[in-house]
Amino acid sequence: MDTAADAADATGKKIGEMVDDTKERVSDKVDELQADAAVKKAEAERDAVHAKNEHKENMRED
């Protein structure tokens, strides 16, 4: 009887660890995707400012 209880307890702990690991992996992936999105947004803003400044410079030369 004790062996069955110990096995059930070990199985429960293992499942709990798997769930925690999965939640952590999902959280890490979300963080990664958010960081990638922030980089893309910053790059787009940089490119827009560069284009705007280039256009202004061209207007000054004319």
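To keep things clear, this report deals only with the structure shown in the data block. Every value quoted in this text rests on a predicted model; they were computed, and no experiment measured them.

1. Some thoughts on a negative patch on the surface
And then number 1: A contiguous patch of negative charge, built from E17, D20, D21, E24, D28 and D31, is present on the exposed surface.
And then number 2: The residue E24 is located in helix α1 (residues 2-61) in this model.

2. Observations concerning the pattern of salt bridges
And then number 1: Applying the stated criterion to the full structure yields 4 salt bridges.
And then number 2: For the salt bridge of E32 with K29, the shortest nitrogen-to-oxygen distance reads 3.7 Å. Taken as a pair, E32 and K29 lie in helix α1 at a separation of 3 residues, close to a single helical turn.
And then number 3: Between E57 and R60 there is a salt bridge, with the nearest N and O atoms lying 3.0 Å from each other. Remark: R60 and E57 occur in helix α1; sequence separation between them is 3 residues, near one turn of the helix.
And then number 4: Look at E57 and you get partly exposed, because its relative accessible area is 37%.
And then number 5: The class for R60 is exposed, based on a relative accessible area of 58%.

Definitions and limits used
- Residues numbered from 1 in each chain as written.
- Predicted model: local features only at pLDDT ≥ 70, side-chain atom pairs only at ≥ 80, totals over all residues.
- Heavy atoms only, no water.
- Patch = residues over 30% accessible without salt bridge, like charges linked within 9 Å, V, L, I, M, F, W, Y side chains within 5 Å.
- Areas by Shrake-Rupley, 256 points an atom, 1.4 Å probe, with all protein chains shown as cover.
- Salt bridge = Lys/Arg side-chain N within 4 Å of Asp/Glu carboxyl O.
- Lys, Arg positive; Asp, Glu negative; His and termini not counted.
- Charge placed at Lys NZ, Arg CZ, Asp CG, Glu CD.
- Helix = DSSP H or I, 4+ residues; strand = E, 2+ residues; numbered from the N terminus.
- Buried < 20%, exposed > 50% of the residue type's maximum accessible area, 1.4 Å probe, protein only.

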